[in-house]
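Single-letter residue listing:
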Amino acid sequence: MPHPTLRTAAVGTLAVAAMVLVLGGDDLRTGVMVGVVGEIAVLVVAVWSGRRGRHTPWPRAIATLAPGRALVLWKPGCLYCERLLLQLGGDPRVIWVNVWRDEDAQARVRAVNRGDELTPTVLVGEDVLRNPTAQELRDRLAKDR
């Protein structure tokens, strides 16, 4: 799988180039402005989606899964994952695994979601929580104590 940042940048650049050609045909100045602003937006999105964030390798993460602990399967650029990360802060009960950096984790997230790479998917014991709120996750972890 190609690096997500490069893929995002390439697709975005092609889209901007197409817009520049369409808009620049009638007005060169408008086409150039769209191109500059569009490329800046593409770079911002590419950098955002390629962030590494927190990651624990799958073998170590799955070995630490125990009552009162959660394993979050996430991917960069996922706004729901980002929201959960910001709301949970540095909660030591939560382990983060980037599914784009670990093939075993990616296989697991697809296995529990009928082939979809749905994130965030949270494993708490035998339970699977799909796109939970931070409060739902805290409540579930409190039940395990």
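A brief look at the structure comes next. Fair warning: this is a prediction, and the values are worked out from it, not measured in the lab.

### Here's the deal with the sheet that holds strand E4 (residues 127–130)
Then step 1. Taken in spatial order, the four strands make up an open sheet running E2-E1-E3-E4, and their pairing is mixed. Of all strands in the sheet, those with a lone pairing partner are strand E2 (94–98) and E4, marking the two edges. On average, each strand axis in the sheet is inclined to that of its neighbour by 25 degrees, with strand direction left out of account.
Then step 2. In the sheet, strand E3 (residues 121–124) pairs with E4 via four bridges, with the strands oriented antiparallel. Note on E4: the bridge partner recorded for leucine 123 is valine 128.
Then step 3. Along the sheet, helix H4 (residues 79–88) makes contact with strand E1 (70–74), E2 and E3, crossing E2 at roughly 150 degrees.

### Digging into unusual backbone geometry
Then step 1. With an omega dihedral of -5 degrees, the bond running from threonine 119 to proline 120 counts as a cis peptide bond.
Then step 2. You will see that asparagine 131, though not glycine, has its phi angle at about 50 degrees, which is positive.
Then step 3. You can see asparagine 131 is positioned in the loop between E4 and helix H6 (134–143).

Parameters and conventions
- Numbering of residues starts from 1 in each chain and follows the order in which that chain's sequence is written.
- Only residues with pLDDT of at least 70 get local features here, since the model is predicted, and only at 80 or more are side-chain atom pairs given and counted; chain-wide, interface and lining totals rely on the full set of residues.
- Note: side-chain values were computed over all heavy atoms of the structure, leaving out hydrogens and water.
- Pairing between strands requires that DSSP locate at least two bridges from one strand to the other.
- Helical segments are the DSSP runs of H or I of at least four residues, strand segments are the runs of E of at least two, and each set is numbered from the N terminus.
- Only the stretch in contact is used when a helix axis is fitted, and all axes are lines through C-alpha atoms; the angle between N-to-C directions ranges over 0 to 180 degrees.
- Residue contacts follow a heavy-atom distance rule, with two residues in contact if any of their heavy atoms lie within 4.5 Å.

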